[in-house]
Amino acid sequence: MLNFDFYNPTKLMFGQGRIADIAYEIPRNARVLITYGGGSIKSNGVYDEVKAALTGYEVVEFGGIEPNPLYETLMKAVELVKTHKIDFLLAVGGGSVIDGTKFIAAASLYDGDPWEIIFSRGTVVKESLPIGVVLTLPAAGSESNHRAVVSRKSMNAKISFYSNSFFPRFAVLDPVKTYSLPPTQISNGVVDAYIHVLEQYLTYPVNAKVQERFSEGILLTLIEEGPRALAEPMNYEVRSNIMLCATMALNGLICAGVPADWSTHMVGHELTALYGFDHAATIAALLPGMLKALKDDKRLQLLQYAERIWGLKEGEEDAVIEAAIEKTREFFAAMHMKTSLSELGLTADNIPEIIAHLKAHDMVRLGERKNVTPERVRQALELSL
Ligand code: NZQ
Ligand code: ZN
């Protein structure tokens, strides 16, 4: 096992009816900015519950944070924070709203050009305003981690960045609030969480038995409950388990002491920046090809994955690995995801510009061994067509 620090200060407030408890977590004299997306919280009752819970607080609102949040939009919220002297941010929504709010929290206190926060990948961030979260879409894991991903339209760029000051103070996880999700977002969430686990599990062995078995528990739960969430959208137990999977997949627990890959995610961000696909759509289409291209580097973990998740162990190693990758692809397809770049409408003609964007964003040494060069990504993209 590798050396590690495990730090996660976010208080998880899980269960039905928990929005009412946020007032216990936000200082009484705080001036609160509620941030949200395109309006789903207004039609499913979440907004009303949040407003009721904040009775007596000075509250300002900023709606309209789009999926794959834009720097250009978020800067308007930074102005609002300064005008109203906001000192607490409450993000109500999915990964995009939460990530966008993390940027707002840092940019509001940053003296230089706010783009530096993103472009430096968070290294210039010294402090951020405190954030609370009411999660409505289990997927990104942003509700209890220190990451954010923000896009800048004028540059066709989508960049992830980090700061320990981004950890939300609390996150309300009420499974009932996910009942209103459209099927596409249920699928996106399940597959995003699944791939988060694989990016941390399919690397090379370091004898991290606990982390691996936590990971396997999340993968098996998602395989079991993902299709059920589509079939039985009002099943509280199913939604509860999925919600916990998504949070645990990316809150630092399973990556403590193990190597991590993230190359599928980094290439996926370029696909969203270039063509506007949903985040999960990009990585579901990329992952099978990436695993095929990188199977020699990942051989031992792929064999363990094949056996422990899919019960595959008989036969030639390569055939077992191929079968495990195919089972993974079939699971994504069962979740109604497109599982190749051609299904997304891309062709070999798109590959050069994807590679050019990776290079422009310095994504030239990816993966757990830092050996996933643009040339290897090109091979993976060809295998993903
Ligand atoms: O905007 P509204 O109207 O709220 O609608 C949203 C949005 O259209 C809708 N939605 C959310 N909750 C709903 C709902 N609709 C009905 N009922 C509900 N309860 O879902 C749509 C998608 O929302 P979004 O927040 O974009 O989805 P997701 O949570 O998948 O977040 C995706 C973003 O997270 C980033 C992605 O790159 C992408 O930008 N990620 C962030 C990570 C992190 N911070 O650690 C890691 C991830 O790998 C990922 O990169
Ligand atoms: Zn993701």
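In case you missed it, the structure is sitting above this.
Treat the numbers as computed from the prediction; the structure is a model and nothing was measured. (Residues numbered from 1 in each chain as written. Chains lettered and ligands numbered in written order. Predicted model: local features only at pLDDT ≥ 70, side-chain atom pairs only at ≥ 80, totals over all residues. Heavy atoms only, no water.)

Okay, the nonpolar core next. Counting residues in hydrophobic clusters, the biggest one holds 42 residues, and the most contacted among them are Tyr194, Tyr305 and Phe332. Secondary structure elements with two or more residues in this core: helix H6 (183-201), helix H7 (209-231), helix H8 (236-249), helix H10 (279-293), helix H11 (299-310) and helix H12 (317-334). Take this core: its biggest share by element is nine residues, from H6. Counting residues in each nonpolar core, the second largest holds 37 residues, with Tyr71, Ala91, Ile104 and Met243 among its members. (Core = buried A, V, L, I, M, F, W, Y, C linked by side-chain atoms within 4.5 Å. Buried < 20%, exposed > 50% of the residue type's maximum accessible area, 1.4 Å probe, protein only. Helix = DSSP H or I, 4+ residues; strand = E, 2+ residues; numbered from the N terminus.)

Before going further, it helps to spend a moment on the packing of helix H9 (residues 263-275) against H10. Here H9 crosses H10 at 130°, and the two axes come no closer than 8 Å. Overall, the two elements H9 and H10 adopt an arrangement that is oblique. Considering only the axes of H9 and H10, their crossing is right-handed. On H10, the residues touching Ser263, Thr264, His265, Val267, Gly268, His269, Leu271 and Thr272 of H9 are His279, Thr282, Ile283, Leu286, Leu287 and Met290. Across the contact of H9 with H10, the residue classes tally to six nonpolar, eight polar and no charged. (Axes fitted to C-alpha atoms, helices over the stretch in contact; angles between N-to-C directions. Parallel < 35°, antiparallel > 145°, perpendicular 65-115°, else oblique. Left-handed = near helix turned anticlockwise from the far one by under 90°. Contact = heavy atoms within 4.5 Å. Nonpolar A, V, L, I, M, F, W, Y, C, P; charged D, E, K, R; others polar.)

Within the protein, Asp192 (OD), His196 (NE2), His265 (NE2) and His279 (NE2) serve as the donor atoms for the zinc ion (ligand 2), at 2.0 to 2.2 Å. A residue is classified by how much of its surface remains accessible, and His196, at 2% relative accessible area, is buried. (Donors = N, O, S within 2.8 Å, 3.2 Å for Na, K, Ca; no water.)

Before going further, it helps to spend a moment on H10. In this model, H10 (15 residues) spans 21 Å end to end at C-alpha, consistent with the 21 Å of a helix rising 1.5 Å per residue. Among the 15 residues that make up H10, 14 are buried, leaving the element largely enclosed by the rest of the structure. (Expected span 1.5 Å × (residues − 1).)

Turning next to the side chain of Asp99. On the secondary structure map, Asp99 appears in helix H4 (residues 95-107). No salt bridge is formed by the buried Asp99. Its closest oppositely charged neighbour is Lys102, at 4.6 Å. Among all residues touching Asp99, those that are not within four sequence positions of it are Pro69, Ser142, Arg147, Ala148, Val149 and Val150. (Lys, Arg positive; Asp, Glu negative; His and termini not counted. Salt bridge = Lys/Arg side-chain N within 4 Å of Asp/Glu carboxyl O.)

Under the definition given, this model contains 19 salt bridges. Among the salt bridges present, the one from Asp174 reaches Lys177, with a minimum N-O distance of 3.2 Å. You can call Asp174 buried: its relative accessible area is 1%. Residue classification places Lys177 among the buried positions, given a relative accessible area of 9%. A salt bridge links Asp296 to Arg299; the shortest N-O distance between them is 2.8 Å. For Asp296, a relative accessible area of 55% corresponds to the exposed category.

With parallel pairing, the six strands of this open sheet are ordered in space as S1-S8-S5-S4-S2-S3. Both outer strands of the open sheet, strand S1 (11-14) and strand S3 (58-62), are each paired with one neighbouring strand and no more. The mean inter-strand angle of the sheet, taken between neighbouring strand axes irrespective of direction, is 20°. Both strand S5 (residues 131-135) and strand S8 (residues 170-173) contribute to a ladder of four bridges, which runs parallel. Bridge pairing links Val134 to Val172 in S8. Against the sheet, helix H2 (residues 46-53) makes contact with strand S2 (31-35), S3, strand S4 (88-93) and S5, and its axis sits at roughly 155° relative to S4, the strand it touches most. Contacts from H8 reach S1, S5 and S8 within the one sheet, and its direction differs from that of S1 by about 170°. (Pairing = 2+ DSSP bridges.)

Around ligand 1, a shell composed of 33 residues is seen, among which Gly38, Ser40, Gly95, Ser96 and Lys158 lie nearest. A distance of 2.7 Å is found between an oxygen atom of ligand 1 and a backbone nitrogen or oxygen belonging to Gly95. Taking Lys177, its main chain carries an N or O atom lying 3.0 Å from a nitrogen atom of ligand 1. Bound to the protein, ligand 1 loses 89% of the 960 Å² it would expose on its own. At the level of elements, H4, strand S6 (147-152), H6 and H9 are the ones that each hand at least two residues to the shell around ligand 1. Tallied by class, the residues present in the shell around ligand 1 amount to ten nonpolar, 18 polar and five charged. Inspection of the shell around ligand 1 shows a minimum of three residues originating in each of domain 1 (11-177) and domain 2 (181-383). (Near = heavy atom within 4 Å. Polar contact = N/O pair within 3.5 Å; in protein donor to acceptor, adjacent residues only side chain to side chain. Areas by Shrake-Rupley, 256 points an atom, 1.4 Å probe, with all protein chains shown as cover. Domains from an automatic or database assignment.)

Moving on, we get to the packing of H7 against H11. Each pair of packed helices can be described by the angle between their axes along with the distance between the axes. Running from N to C, H7 and H11 cross one another at 50°; their axes reach a closest spacing of 10 Å. Relative to H11, the element H7 lies oblique. Like other packed secondary-structure pairs, H7 and H11 cross with a definite hand, here right-handed. Residues Glu212, Arg213, Glu216, Leu219, Leu220 and Ile223 of H7 touch H11, and the partners they reach there are Gln301, Gln304, Tyr305, Arg308, Ile309 and Trp310.

Moving on to the environment of Glu61. As for its position among the elements, Glu61 is in strand S3. Taking C-alpha positions, Glu61 is 9.0 Å from Leu80, a pair spaced 19 residues apart along the chain. The residues touching Glu61, leaving out its near neighbours within four places in the chain, are Leu33, Ile34, Tyr36, Lys42, Tyr47, Lys51 and Leu80. Among the polar contacts listed, one links the side chain of Glu61 to the side chain of Tyr47, at a separation of 2.6 Å. At 2.8 Å, the side chain of Glu61 and the side chain of Lys51 are in polar contact.

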